[in-house]
Amino acid sequence: MTISGRRRLAPPVLPASRRRGLRQVLAATATLALLATAACGGGSAGDQEPGAAPTTDSPVQLSVAWWGGPARAENTEKVLELYKKSHPNVSFTTQWQGYSGYYDKINTSAAGRNAPDIIQIDNRALREYANKGLIADLNPWAGKTLKVDQIDPKLLGTGKVDDKLYALPLASNTQALAVDTTVIEPLGLVPPETGWASWDEFGTWAAQVTTATGGKVWGTRDESANLSAFEYWLRQNGKELYDGQKPGFTAADATAWLDLWAKLRDSGAASPAEVAQPANAGDISKNTVATKQTVATFSYDNQLTELAKATDHKLMLVPLPGPAEGAYARPSQFFTAYAGGKNVATAVDVINFFVNDPEAGAILGTERGLPPNDQVSAAILPSFSEQLKYVAAYDDRVTSQAGDTPPVPAQGDSQIVQLLISAAENAGFGRQSTSDAAAEFFSQTTSALERASS
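Residues numbered from 1 in each chain as written. Predicted model: local features only at pLDDT ≥ 70, side-chain atom pairs only at ≥ 80, totals over all residues. Heavy atoms only, no water.

**A short note on the sheet that holds strand 11 (residues 294-300)**
The strand order 8-11-7-12 describes an open sheet built from four strands, whose pairing is mixed. If you trace the sheet from one side to the other, it starts and ends with strand 8 (218-220) and strand 12 (315-318), each paired once. On average, each strand axis in the sheet is tilted by 25° relative to the strand beside it, whichever way the strands run. Against the sheet, helix 16 (residues 386-399) touches strand 7 (175-180) and strand 12, its axis set at about 15° to strand 12. (Pairing = 2+ DSSP bridges. Helix = DSSP H or I, 4+ residues; strand = E, 2+ residues; numbered from the N terminus. Axes fitted to C-alpha atoms, helices over the stretch in contact; angles between N-to-C directions. Contact = heavy atoms within 4.5 Å.)

Quick look at the structure:
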């Protein structure tokens with residue numbers, strides 16, 4: 001959707017930094033319009049009755065979409081092939097890519113009423129997709145085709161919007177810092193597995209790393225643009241990212257967050273903005289630990305598998321600095337069924353297979369996170385590689401002390417991701433002061449959430 005009045009006024013009035021942020025908001029608004037178009041007549045289970053049995057005795061073709069790296073693609077394709085062995089009439093077409101641009105592609109296909117039958121999403125898109133009618137309500141299949149009794153109720157609840165189940169968690173994970181021990185072990189700077197008691201302590205350590213490497217490798221990546229890291233820090237300070245459909249934080253909170261990272265950059269502890277920027281879109285190949293530019297970077301624990309393949313250095317997982325309450329067990333990704341699909345029931349059966357089949361669980365490992373099905377997890381844990389066992393042990397240790405899982409993010413959350421990136425880059429590159437960037441971020445966030453819910 002084009003807001004013509006704003007487009008005419010923007011060039012002569014707004015500086016570059018604000019035009020960039022406004023373009024991102026306009027693009028997000030257009031996305032909402034696309035989804036609204038796609039939702040007309042949507043929300044029902046295609047041409048089938050909700051709760052109907054899957055069709056597998058006649059030819060069925062399903063399309064499956066996800067983001068991720070080559071390891072995830074390989075594992076996902078193997079599970080689809082495994083499903084086909086027992087369901088020879090079902091065939092699949094697949095599409096996968098990096099996270100950047102993934103939702104743009106899904107939204108465009110949805111606007112053309114041709115979205116994939118099975119769509120991987122994260123919790124940041126769940127409320128929006130459910131409210132727009134893009135994904136099917138799975139409640140009619142729960143307890144029948146879709147087995148949910150072995151999934152922790154709290155984890156299962158993360159796939160619900162207004163008490164309706166729209167998404168089944170493929171795995172769970174938690175927050176971490178991935179740390180390059182190959183660099184710091186010879187320097188005697190390996191942190192304890194419990195991490196750092198405070199952000200100040202972390203900053204001191206990171207600055208020591210930068211100094212000890214002669215400035216060749218920074219102690220940590222600048223994570224000021226990372227909404228998940230910001231959420232973690234807010235939770236440590238007794239707040240949540242959202243309060244219903246409004247920000248759960250203030251402009252002062254956002255300023256404090258940007259100031260924290262400005263201080264880390266100024267001390268040499270954190271990488272400069274130009275080093276951090278390429279990874280802001282979430283492409284793991286540009287992760288600064290993988291590129292050996294920093295020793296530490298924000299990660300989710302399950303990403304260790306993919307990250308380890310991108311470097312010949314040894315890595316460890318360490319909790320983020322400060323109180324453990326910032327962490328929480330979260331759904332790493334969901335599988336959802338396109339509401340406009342012609343074979344929704346069969347799509348639901350495939351989703352069930354991914355989550356509840358032990359052989360499928362063994363193939364998937366922990367690349368997406370820990371298996372959500374407790375029986376599957378217990379059955380395959382002994383067969384895990386040492387690396388996967390390490391990830392599982394880390395997850396258990398951190399989530400045992402973690403805070404409660406927050407509600408499903410506000411509608412429009414995906415826009416807030418981009419707004420923080422814009423604010424952090426404006427501050428990091430010196431285009432705005434931290435207070436001005438934070439004030440603009442807060443104002444744009446408030447407006448974006450209001451528009452998304454209207």
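Read on for the rest.
**Considering the pattern of salt bridges**
For the structure on display, the rule yields ten salt bridges. Lys292 serves as the salt-bridge partner of Asp312, at 2.6 Å between the closest nitrogen and oxygen. Taken together, the residues span a long stretch of sequence, with Asp312 in the loop between helix 12 (304-309) and strand 12 and Lys292 in the loop between helix 11 (273-276) and strand 11 at a distance of 20 residues. Residue classification places Asp312 among the exposed positions, given a relative accessible area of 64%. Judged by its relative accessible area of 34%, Lys292 is partly exposed. Note that Lys389 is salt-bridged to Glu386, the shortest N-O span being 4.0 Å. Residue Lys389 and its partner Glu386 are located together in helix 16, separated by three residues, close to a single helical turn. We classify Glu386 as exposed; its relative accessible area is 62%. (Salt bridge = Lys/Arg side-chain N within 4 Å of Asp/Glu carboxyl O. Buried < 20%, exposed > 50% of the residue type's maximum accessible area, 1.4 Å probe, protein only.)

**What about the environment of Glu81?**
Turning to its location among the elements, Glu81 is positioned in helix 3 (residues 70-86). A sequence separation of eleven residues divides Glu81 from Phe92, and the C-alpha atoms of the two residues are 8.8 Å apart.

**Looking at the packing of aromatic side chains**
Within this structure, the stated rule accounts for 24 aromatic pairs. Aromatic side chains Tyr102 and Tyr103 sit 5.2 Å apart centroid to centroid with 75° between the ring planes, which places their arrangement in the edge-to-face category. Relative accessible area serves as the criterion here: at 3%, Tyr102 is assigned to the buried category. Geometrically, the ring pair formed by Tyr103 and Tyr129 is edge-to-face, given 5.9 Å between the ring centres and 85° between the ring planes. Here the residue Tyr103 occupies a position in helix 4 (residues 102-111), and Tyr129 occupies one in helix 5 (residues 123-131), the gap between them amounting to 26 residues. In terms of burial, Tyr103 and Tyr129 fall into one category: buried. Here the aromatic residues Trp196, Trp199, Phe202, Trp205, Phe230, Trp233, Phe249, Trp257, Trp261, Phe441 and Phe442 are joined through ring pairs into a cluster of three or more. (Phe/Tyr/Trp six-rings, centres within 6.5 Å; stacked < 30°, edge-to-face > 60°.)

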